[in-house]
Amino acid sequence: MCFGSSKDKDIFDAEGPRPSYNQPQQPSYSSPPKASVPPAAAPSYQMPLQQQQQQRQNQHQQASELSAPPPVELSADNDFAPPPGPPPSHARPSSNRGDVSSVGLPPGPPPSFQSNNPFRSNNDEFAPPPGPPPSHRQQDNDFAPPPGPPPAHRNGADDLAPPPGPPPSHRDGADDFAPPPGPPPSKRQDDYTQPPPGPPPSHGEKSSKPEHDWQSVVPDTSLFPPPPSFFSGFERSPASNATEAEAEHGEQWCRDHPLSAPIQLDHHAIEALNTHNIRLMEPTTGFRGSLKWQAPGVWSAKTDSQSLDNCIIGYPPMYSVTQHSPLASPSGRKTIYYEVLIRNDHKHGDVCLALGYTALPYPSFRMPGWHRGSLAVHGDDGHKFINDRWGGKTFTDPFRRGETYGIGMTFTANNGRIEVDIFFTRQGRETGRWNLHEEGDSEEDLPVTGLEGFHDLSCAIGTYTGVEFDIIFDPNRWLHRPAGY
């Protein structure tokens, strides 16, 4: 950093006076020579350059002598000692503007030596503000906690403080959840829900008034037939199905031939019923096979693989209204039953044979159970069909060759109406039963008209493709003997 002017530089660069080695000399102070103003008429004289330089050097020397301090006595030991007083860079400034020492440094330490202590009490533009730091201030601060104890230690009311007094569970007075005064309802003497005092009527003295016989009014539900299998109907059979045109043909035939009224049997028909000597009528359309009478109450049949849907119907009817109606019978009950033995012809595939009953007349080119007034159990899928030309309902397992199957119906009089039950046997054991009037699907199940005991019913054996079997009406050859037969 530079201080002073070029003139001052020349003054500091001038060689100072040398001290005397023997005796001190007193400096002589004389006023500087005044410059004389040449007269106006004086001629101008140009001083040579060498003389001008010499004159300027003399002037500088005189000025140095005037400002220099008096010489100091020196001994031989300090020939090279520094002059007395502070060096020029540490000299105090003079109030005399003409003094050469006015070029001294400003007071105070240089900026590079200023203290960084925040508590230094000088006036500096980088010094901290007066007073303690914000973290030690006693007055309010934006981030300081509010005065007073924290809310958790306050003694006064607080928004989150519990209400005064004991909690509701420890209150002695009335409470919203406290039980009402008095004994509980179970201990009250005037509670209408309590039984009257004393023993019940059934344990008291016998009254002369007869008791109500509710057992005779409410039937025993354990004797009811099993509930039906809801949603068990099929749109199509999983085994084999006839065409829609054949189904419509059968429906049209039934419309053209309505159910006939019960017929009066002659003595030949009655004799045949009593001896179980039922005659079978061979279908007139699409039947490819043979029917042979083996003995009274026994028939053998065989169809080939090209045989179509057929229904073999027996005569006289196994159930005759005029002969067997439970409403006119002293016993009030009638059971009909027959069995079929499927021969083991060593063929593979489904056994397309159906066992059932039908009211007359019935189309012989359709399987039993597909149209009105008929029911049957089909052997190819084990489904039962009651006036159902679609897929039937789940009932039993499919038939197998070499086994004997039977189907029967029981008609029972019940307060002026007839209860009808159908049962099915396999190898001499009953494996299934259902009631004709069991609850069904009102949208899909069709009426059971013709099967309710007010029409004559004949046996109906349905065939399709090739199968060999024996039809047995003789009770002595049955594997199963129905109850009450």
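Before going into details, it helps to say that this report is about the structure given with it. Note that this is a predicted model, so its numbers are computed, not measured.

1. Concerning the pattern of salt bridges
In step 1: Tallied over the full model, the rule gives ten salt bridges.
In step 2: In this structure, Glu438 engages Lys384 in a salt bridge whose closest nitrogen and oxygen atoms are separated by 3.3 Å. In this pair, Glu438 is assigned in the loop between strand 12 (429-435) and strand 13 (457-463) and Lys384 in strand 8 (residues 383-386), connecting sequence segments 54 residues apart.
In step 3: On the basis of relative accessible area, Glu438 is assigned to the partly exposed category, the value being 24%.
In step 4: With relative accessibility at 8%, the residue Lys384 sits in the buried group.
In step 5: For the salt bridge of Glu403 with Arg400, the shortest nitrogen-to-oxygen distance reads 3.1 Å.
In step 6: Here Glu403 falls in the buried class, since its relative accessible area comes to 14%.
In step 7: A network of salt bridges, in which partner residues are shared, links Arg400, Glu403 and Arg426.

2. Observations concerning the sheet that holds strand 2 (residues 289-295)
In step 1: Reading across from one edge, 2-3-14-5-10-11-12 is the order of the seven strands in this open sheet, with antiparallel pairing throughout. Looking at strand neighbours, the two that pair on one side only are strand 2 and strand 12, the edges of this open sheet. Strand-to-strand twist of the sheet, defined as the mean angle between neighbouring strand axes without regard to direction, takes the value 20°.
In step 2: Note that strand 2 and strand 3 (residues 298-303) share six bridges and pair antiparallel. Of the residues in strand 3, the one forming a bridge with Lys292 is Ser300.

3. What about the sheet that holds strand 8?
In step 1: Within the open sheet, the seven strands sit side by side as 1-4-13-6-7-8-9. Their pairing is antiparallel. Looking at strand neighbours, the two that pair on one side only are strand 1 (279-281) and strand 9 (393-394), the edges of this open sheet.
In step 2: As paired strands, strand 4 (residues 310-315) and strand 13 are joined by four bridges and run antiparallel to one another. Paired with Ile312 across the bridge in strand 13 is Ile461.

4. Side note on the packing of aromatic side chains
In step 1: Taken as a whole, this structure holds ten aromatic pairs when the rule is applied.
In step 2: With a centroid separation of 5.6 Å and 80° between ring planes, the pair formed by Tyr338 and Tyr357 is classed as edge-to-face. Remark: Tyr357 occurs in strand 6 (residues 353-359) and Tyr338 occurs in strand 5 (residues 333-342); sequence separation between them is 19 residues.
In step 3: With relative accessibility at 0%, the residue Tyr338 sits in the buried group.
In step 4: Seen in terms of ring centroids, Phe399 and Phe424 are 5.9 Å apart; in terms of plane orientation they differ by 10°. Their pairing is stacked. Placement of the pair is Phe399 in the loop between strand 9 and strand 10 (404-414) and Phe424 in strand 11 (residues 417-426), with a sequence separation of 25 residues. The same class applies to Phe399 and to Phe424, which are both buried.
In step 5: Ring pairing ties together the aromatic residues Phe395, Phe399, Tyr405, Phe424 and Trp434, which thus form one cluster.

Rules and cut-offs
- The residue count restarts for each chain, going from 1 along the sequence in the order it is written.
- Note on the predicted model: pLDDT of at least 70 is required for a residue's local features to be given, and 80 or more for side-chain atom pairs to be given and counted; whole-chain, interface and lining totals, by contrast, use all residues.
- Remark: hydrogens and water are excluded; side-chain values derive from all non-hydrogen atoms of the structure.
- A carboxyl oxygen of Asp or Glu within 4 Å of a side-chain nitrogen of Lys or Arg is what we treat as a salt bridge.
- Here a helix means four or more residues in a row that DSSP labels H or I, a strand means two or more in a row labelled E, and each is numbered from the N terminus.
- Here the term buried applies to any residue with accessible area under 20% of the maximum for its type, exposed to any over 50%, and partly exposed to those in between, with areas from a 1.4 Å probe on protein chains only.
- Strands were regarded as paired on the criterion that DSSP finds at least two bridges between them.
- Only C-alpha atoms enter the line fits that serve as axes; for helices the fit covers just the stretch in contact. Angles between N-to-C directions range over 0 to 180 degrees.
- Only Phe, Tyr and Trp rings are paired, with Trp represented by its six-membered ring, and only when their centres lie within 6.5 Å; those with planes under 30 degrees apart are stacked, over 60 edge-to-face, the remainder tilted.

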